[in-house]
Amino acid sequence: MTTLSSGFARARRWLRDHPLAFDATLAFCTLVAMICSSFTDPGDGHGPPAFGARTPELFSVLLMTLTAAALVLRRRRPMQVLAVTAALAAVEYVLMDPPAPVVMSTVIALYTVASRTDRPTTWRVGLLTMGGLTAAAMVFGSTPWYSQENFGVFAWTGLASAAGDAVRSRRAFVDAIRERAERAERTREEEARRRVAEERLRIARDLHDVVAHHIALVNVQAGVAAHVMDKRPDQAKEALAHVRDASRSALNELRVTVGLLRQQGDPEAPTEPAPGLAVLGELVTTFRNAGLPVEVACADRDRLPAAVDLAAYRVIQEALTNVRKHAGAGARAEVSVVRVGATAEVTVLDNGRGSAGRRPGTGPGGGTGPDGGGPGDGPGDGDGQAGGGHGLVGMRERVTALGGALTAGPRYGGGFRVHAILPVEARTGEPDRPGTAGGTGLRR
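The following refers to the structure shown. The shown structure was predicted, so the numbers you read here are calculated from the model rather than taken from an experiment.

## What to know about the pattern of salt bridges
Any two side chains of opposite charge can pair, on the condition that their charged atoms come close.
Reasoning step 1: In this structure the tally under the stated criterion is ten salt bridges.
Reasoning step 2: Between Glu295 and Arg332 there is a salt bridge; the shortest N-O distance is 3.9 Å. Residue Glu295 is found in strand β3 (residues 294-298), and its partner Arg332 is found in the loop between α10 (306-326) and β4 (333-340); the two are separated by 37 residues along the sequence.
Reasoning step 3: The exposure class of Glu295 is partly exposed, given its relative accessible area of 42%.
Reasoning step 4: In this structure Arg332 comes out as partly exposed when scored by relative accessible area, which is 43%.
Reasoning step 5: Within this structure, Asp23, Arg74 and Arg75 form a network of salt bridges that share partners.

The structure is reproduced here in structure tokens:
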């Protein structure tokens with residue numbers, strides 16, 4: 001039984017892949033059925049049909065052969081095949097008595113038209129075929145007009161139209177479902193690619209913030225150590241100790257950030273929480289050790305969401321890094337984080353005048369934020385927009401991704417100001433990570 005069913009399945013697949021062969025087989029089977037039926041006499045309706053009671057005329061056999069041959073082209077020329085078979089069936093009803101069942105080919109041709117056209121066309125063509133063949137059978141046949149053979153023509157042609165329309169509707173329904181499934185699959189792939197791109201951008205921002213901050217501090221402390229190495233070795237050792245601490249902190253943060261790229265199941269996945277305002281004191285201490293006086297004021301409010309807490313920390317880190325690199329000697333900085341209604345406001349101020357005429361963001365050659373170059377100096381040496389870097393761009397993208405706003409520019413009377421407004425209810429859809437420091441209770 002299994003072998004037989006598998007054989008039928010293979011034959012069905014082969015016929016589906018070769019539609020012309022299938023139509024030729026169907027035409028041959030239809031011809032055999034019409035010839036066998038032409039030997040059957042239906043009788044007067046009171047007894048069973050008698051096989052062999054009559055013999056078809058040669059002309060009828062010719063018409064049956066022609067209509068069956070036309071069915072081979074039923075997929076390529078459905079309307080023409082229907083017209084030919086219907087015309088030959090009508091000729092059979094007009095000229096032959098009793099007529100041979102040439103109408104069988106017309107039924108198959110009408111089914112093909114109904115399954116491949118729209119519903120209005122099916123109704124028009126179906127009614128015309130049904131009415132024309134039924135009228136020919138009633139008018140030119142020797143049997144009474146109300147005989148069952150005449151109404152059988154009407155019933156079979158109507159059934160062919162209905163069956164073809166049903167098949168077409170089901171095929172359209174299946175195609176629509178398949179199209180929706182393919183569209184949903186494409187949408188899922190596009191959404192996955194978008195999420196991957198967003199995650200890569202977020203990781204790139206974190207890497208930039210970590211590297212820019214710590215390398216700037218290492219550069220400053222190394223310069224101090226080289227300057228006082230001969231005359232004040234104790235101060236040089238202290239500067240080198242700060243270099244060691246800053247480089248160790250940079251390595252730790254890089255390990256945590258790059259650890260996000262690990263595949264599932266990789267060992268030693270990062271478990272440390274992301275930096276936040278709870279460790280703002282440690283961040284400020286590194287800048288103070290590098291010679292930048294920083295005053296901090298954080299309002300004692302409720303915990304911030306993890307995404308907002310991290311964004312506020314990174315904005316402060318990047319702004320202080322730019323102050324240390326560009327504000328010049330003797331500069332001081334002030335940092336404040338306050339809750340105002342449903343937002344958290346982060347402000348970083350400095351009173352720097354710039355160094356060597358390259359105060360960021362004040363000249364046509366510089367950037368538009370704390371990273372650019374000075375007046376007439378061309379691109380800045382920082383990592384802002386004009387210098388080809390991504391400091392200010394990264395801060396803006398990080399803030400706007402949460403639905404906030406960031407402004408940066410020179411202060412009246414000198415210095416620079418970075419101001420970020422972050423909504424407490426972040427729109428990133430990121431849940432608070434357990435263990436992430438989100439408090440803002442630090443006060444200096």
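The discussion continues.
## Quick word on the sheet that holds β3
Reasoning step 1: Spatially, β3-β4-β5-β7-β6 is the arrangement adopted by the five strands of the open sheet, whose pairing is mixed. Of all the strands in the sheet, just β3 and β6 (405-410) have a single pairing partner and so form its edges. When strand polarity is set aside, the average angle formed by the axes of neighbouring strands in this sheet is 10 degrees.
Reasoning step 2: In terms of strand pairing, β3 meets β4 through five bridges, oriented parallel.

## Let's talk about the pairing of β4
Reasoning step 1: Taken together, the eight bridges between β4 and strand β5 (residues 343-350) define a ladder with antiparallel strand orientation. Note on β5: the bridge partner recorded for Ala333 is Asp350.
Reasoning step 2: Two successive antiparallel strands, β4 and β5, enclose a turn made up of two residues, where Gly341 displays a positive phi of approximately 65 degrees.

## Topic: a nonpolar patch on the surface
Reasoning step 1: A surface patch of nonpolar side chains, about 700 Å² in accessible area, is lined by Phe59, Leu62, Leu66, Val91, Val94, Leu95, Val139 and Phe140.
Reasoning step 2: Those elements that place two or more of their residues in the nonpolar patch are α3 (58-70), α4 (78-95) and α6 (119-140).
Reasoning step 3: Relative to the helices and strands, Leu66 is located in helix α3.

## Thoughts on the packing of helix α2 (residues 19-38) against α3
Reasoning step 1: Between α2 and α3, the least distance of the axes is 8 Å, while the angle of their chain directions is 155 degrees. With respect to α3, the element α2 is oriented roughly antiparallel. Between α2 and α3 lies a crossing whose hand is right-handed. Side by side, α2 and α3 meet where Ala27, Leu31, Met34, Ile35 and Ser38 of the first sit next to Met64, Thr65, Thr67 and Ala68 of the second.
Reasoning step 2: Split into classes, the residues belonging to the contact of α2 with α3 amount to six nonpolar, three polar and no charged.

## A short note on the side chain of Thr122
Reasoning step 1: Within the secondary structure, Thr122 is located in helix α6.
Reasoning step 2: Judged by its relative accessible area of 7%, Thr122 is buried.
Reasoning step 3: Discounting chain neighbours no more than four positions away, the residues touching Thr122 are Val113, Ala114, Thr117, Leu127, Ser161 and Asp165.

## What to know about α2
Reasoning step 1: Compared with an ideal rise of 1.5 Å per residue, which puts 20 residues at 28 Å, α2 spans 28 Å between its outermost C-alpha atoms and is within 8% of the ideal.
Reasoning step 2: Residues Asp23, Ala27, Thr30, Leu31, Met34 and Ser38 constitute the buried set of α2. End-on view of α2: buried residues confined to an arc of 105 degrees, all on one side of the axis.

## Quick look at the pairing of β5
If a strand is regular, its side chains alternate between the two faces of the sheet.
Reasoning step 1: Judged by how many residues are buried, β5 sits mostly within the fold: six of eight residues are covered.
Reasoning step 2: Bridge count for β5 against strand β7 (residues 416-423) is eight bridges, and the pairing is antiparallel. Directly across from Thr343, in β7, lies its bridge partner Pro423.

## Here we look at α4
Reasoning step 1: Counted at 1.5 Å a residue, the expected span for α4 with its 18 residues is 26 Å, and the 26 Å between its end C-alpha atoms agrees.
Reasoning step 2: Restricting attention to buried positions, one finds in α4 the residues Pro78, Val81, Leu82, Thr85, Ala86, Leu88, Ala89, Glu92 and Tyr93. Projected onto a plane normal to the axis of α4, the buried residues spread over an arc of 165 degrees and lie on a single side.

So, how was this worked out
- Residues numbered from 1 in each chain as written.
- Predicted model: local features only at pLDDT ≥ 70, side-chain atom pairs only at ≥ 80, totals over all residues.
- Heavy atoms only, no water.
- Salt bridge = Lys/Arg side-chain N within 4 Å of Asp/Glu carboxyl O.
- Helix = DSSP H or I, 4+ residues; strand = E, 2+ residues; numbered from the N terminus.
- Buried < 20%, exposed > 50% of the residue type's maximum accessible area, 1.4 Å probe, protein only.
- Pairing = 2+ DSSP bridges.
- Axes fitted to C-alpha atoms, helices over the stretch in contact; angles between N-to-C directions.
- Patch = residues over 30% accessible without salt bridge, like charges linked within 9 Å, V, L, I, M, F, W, Y side chains within 5 Å.
- Areas by Shrake-Rupley, 256 points an atom, 1.4 Å probe, with all protein chains shown as cover.
- Parallel < 35°, antiparallel > 145°, perpendicular 65-115°, else oblique.
- Left-handed = near helix turned anticlockwise from the far one by under 90°.
- Contact = heavy atoms within 4.5 Å.
- Nonpolar A, V, L, I, M, F, W, Y, C, P; charged D, E, K, R; others polar.
- Expected span 1.5 Å × (residues − 1).
- Arc of directions from axis to C-beta.

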